[in-house]
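For reference, the chains in residue letters:
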Amino acid sequence: MRLTVAQALVRFLSVQYSERDGVERRFFAGCFGIFGHGNVAGMGQALLEHGDELPYLMARNEQAMVHAAAGFARMSDRLSALACTTSIGPGATNMVTGAALATVNRLPVLLLPGDVFATRVANPVLQELEDARSYDVSVNDCFRPVSKYWDRINRAEQLPGALLAAMRVLTDPAETGAVTLALPQDVQAEAFDWPEELFARRVWRVGRPVPEPAVVAEAAAMVRSAERPLIVAGGGVIYSGATEQLRALAERTGVPVAETQAGKGALAWDHPSSVGAVGATGTTAANALARRADVVVGIGTRYSDFTTASHSLFADPGVRFVNINVARADAVKLGGLSVVADAREAIRALDEALDGWSVPDSYRVEARERTEQWNGVVDAAFGERHGTPPAQSEIIGIVNAEAGPRDVVVCAAGSMPGDLHKLWRARDPKGYHVEYGYSCMGYEIAGGLGVKMAAPDREVFVMVGDGSYLMMAQELTTAVAEGIKLVVVLVQNHGYASIGNLSESVGAQRFGTRHRLRTPTGLDGAPIPVDLAANAASLGADVIRAADADGFRKALRQAIASPRTTVVHVETDPLVAAPGSEAWWDVPVAEVSELDDTRRARARYDDDKKAQRLYL
């Protein structure tokens, strides 16, 4: 079959399928792209000719389209994905941040950046970065450290092997992340006689590795010996579809369940075994139990520093860890017993091995009492009635109340992810989507677009602060163009509230974190007179302004009722903090300083540092 390399690639992608538990689904739902001279004649022409096989979606920013692909993959439990094509040079390097985000979060995305001529006959071409040390280097080499698989297709014959390797990684839950196939622009347009077998329907089975019986027995013995065990549910529980098995285990044994950012929603917030978020942005209930836990069962978590409170949270001198994870690299962390297996299969096996055992009744009572106390704190935060402008916690509470049980909240960076982790009351395993592996400013709107593409039957609430909005809002236009409805809550607090709070805590006096006009003494003047609501309207979205909590609730209901992407703009008071987590996060403070604030912060840091430990 004689096709160009780009045509062959598109045709191959269109016949790839994933299968888990007997359910098959098309793996590539489409291809985002922004065209330039490095891909328009190759990938652009191929997508035009074969658009019925692989739908094309026009993006407005290359980084954003990778974020959208990541959001789509996460919402699809990594069983379906999107490809992204760009031109050479800046179009390609714009995707590097998105690639890092996908790999950090273990999300499959396929990146197809254009590259310089393989023949080198016309080099240097427009946008080529010349490297005098080697003509085999291009800017696409930047993708190597942030990709789980990287290849450059310099000859047509190399394509089949590279495509099979790419699919192997994309469909492997333990290895998945960004996959980059760099495509020289001349090779994209080159014709070749391909074997028809390359374009046969191919199904990639996403298996469920079972745990070793001896390891399960050892894990069960550790849990049985515990007086105060705690489960930490991570994203792997949700990706595996193991929430029902987790619920059954928790109900029968009475082991309380805390949740990471990616694992939030693994249990409904009001389930008797749920103690809420854990770690630096956790609830006081979960963190109090974590400090006293003698055995911690981590399921599908990579134990980020926010989850462990920088290795200070799990404070019992003899604490031991059982780590259930499909990826061995995560299962060995904290010196734990490694149970390398699919989360659903491992939970089932552990539940069976624990048959007849449960925690003491007093421990069940303690977990519930602590959780009820925290729920009272959340009720108070949601009903703050701070006035005008309202507190951010009030805004979160209103969105939480107005959202339906299956609706999705999306966020990524700033102060809101921490507040959402503590405060949001998730009722569905897919209802909470906060990107906190890379915590990338600008992810929110693009990620929300991908979420909505994967789940068009759910309302998607994108919560974004002014700092993140200013980083990347262009995909509002994509949502409008594609008729994909989002509800965007744009919280304006005239600065970087999260980093402002952090800056103050480390003695840096909120330096460089407020959006202010410059005066002779620095950036300490009046707020910059930007109108982000007007900006959103200029990108094609409907916009509603709200001044206070009551007005915001009314505006939000209008946005929910609307069939179009709608931005609700509201100002909040950045100095009203959400309830604290009673946990630490390790951010080193200047060891010497002439500033009193910094010296006091360093003293606190030295004291907090004493609780940090190695789990060996």
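Model, not experiment: these values are computed from the prediction.

Trainee: Let's hear about the overall build of the protein: which residues, and what values?
Mentor: Secondary structure assignment for the protein yields 23 helices and 23 strands. Along the three orthogonal principal directions, the C-alpha set of the protein runs to about 70 × 70 × 55 Å. Here the protein holds 616 residues, and 59% of them are scored as buried. Carbon and sulfur atoms provide 53% of the accessible area of the protein, an area that totals close to 23700 Å². The positive charge centre, built from 61 side chains, and the negative charge centre, built from 74, are 2 Å apart in the protein.

Trainee: Explain helix α2 (residues 40–49) to me, and be specific about the residues and the numbers.
Mentor: For α2, the set of buried residues is G42, M43, G44, A46 and L47. Buried residues of α2, seen end-on, are gathered within an arc of 165° and therefore sit on one face of the element. Across α2 from its buried face, at more than 90 degrees, point the exposed residues A41 and L48.

Trainee: Pulling in residues and values, what's your account of the layout of surface pockets?
Mentor: Approximately 250 Å³ is the volume found for the second largest pocket. If you trace the second largest pocket, you find 15 residues lining it, with F511, G512, G522, L523 and D524 closest to the centre. Residues that form the lining of the second largest pocket fall into these classes: four nonpolar, six polar and five charged.

Trainee: Run through the environment of N323, naming residues and quoting values.
Mentor: Inspection of the secondary structure assignment puts N323 in strand β16 (residues 320–325). Taking the C-alpha atoms as reference points, N323 and V297, 26 residues apart in sequence, are found 5.9 Å from one another.

Trainee: Mind laying out unusual backbone geometry, listing which residues take part and the relevant values?
Mentor: Of the consecutive residues N123 and P124, the connecting peptide bond is found in the cis state with omega at 0°. Position of P124 relative to the elements: it lies in the loop between β7 (109–115) and β8 (149–152). In this structure, the amide linkage connecting T388 to the following residue, P389, adopts the cis form with an omega of 0°. By secondary structure assignment, the location of P389 is in the loop between α14 (361–382) and α15 (392–402). Here R78, not a glycine, exhibits a phi torsion of approximately 65°, which is positive.

Trainee: Give a detailed account of the sheet that holds strand β12 (residues 229–233), specifying residues and quantitative values.
Mentor: Reading across from one edge, β14-β13-β12-β15-β16-β17 is the order of the six strands in this open sheet, with parallel pairing throughout. Lying at the two open borders of the sheet, with one neighbouring strand each, are β14 (274–277) and β17 (337–340). Direction aside, the axes of adjacent strands within the sheet are offset by 20° on average.

Trainee: Can you lay out the pairing of β7 for me, pointing to particular residues and giving the numbers?
Mentor: Counting buried residues along β7, seven of its seven residues qualify, which places the element largely inside the surrounding structure. Alternating residues of β7 divide into V109, L111, P113 and D115 and L110, L112 and G114, and every residue in both groups is buried. Bridge count between strand β6 (residues 81–86) and β7: four bridges; the pairing is parallel. Bridging from a neighbouring strand, C84 pairs with L111 of β7. Pairing analysis gives five bridges linking β7 to strand β9 (residues 178–184), with the strands arranged parallel. Bridged to V109 within β9 is A178.

Parameters and conventions
- Along each chain, residues carry numbers from 1 onward, in the same order as the chain's sequence is written.
- Reporting in this predicted model follows two pLDDT cut-offs: at least 70 for local features of residues, and 80 or more for side-chain atom pairs to be given and counted; totals over whole chains, interfaces and linings ignore these cut-offs and use all residues.
- Note: side-chain values were computed over all heavy atoms of the structure, leaving out hydrogens and water.
- The secondary structure listing takes helices from DSSP runs of H or I that are at least 4 residues long and strands from runs of E that are at least 2 residues long, numbered from the N terminus.
- Classification of residues uses two cut-offs on accessible area relative to the type maximum, computed with a 1.4 Å probe and protein chains only: under 20% is buried, over 50% is exposed, and between them is partly exposed.
- To measure how exposed things are, a 1.4 Å probe is used in the Shrake-Rupley method; for residues, cover is taken only from the protein chains shown.
- Working convention for charge: Lys and Arg count positive, Asp and Glu count negative, and His plus the chain ends are omitted.
- Note on charges: their place is set at NZ of Lys, CZ of Arg, CG of Asp or CD of Glu.
- This arc corresponds to the set of directions leading from the helix axis out to the C-beta atoms.
- Only protein atoms enter the 1 Å grid used here, on which a cavity is any set of points holding a 1.4 Å probe that cannot leave and a pocket is any open set flanked by protein within 12 Å on both sides along at least five of seven lines; residues with an atom within 4 Å of a point are listed as lining.
- Grid points are joined across faces, edges and corners, and a volume is the space filled by probe spheres set on the points.
- Residues are sorted three ways: Asp, Glu, Lys and Arg are charged, Ala, Val, Leu, Ile, Met, Phe, Trp, Tyr, Cys and Pro are nonpolar, and all the rest, Gly among them, are polar.
- Pairing between strands is defined by DSSP: at least two bridges between them are needed.
- Axis lines are fitted through C-alpha atoms, for helices just across the contact stretch, and the angle between N-to-C directions can take any value from 0 to 180 degrees.

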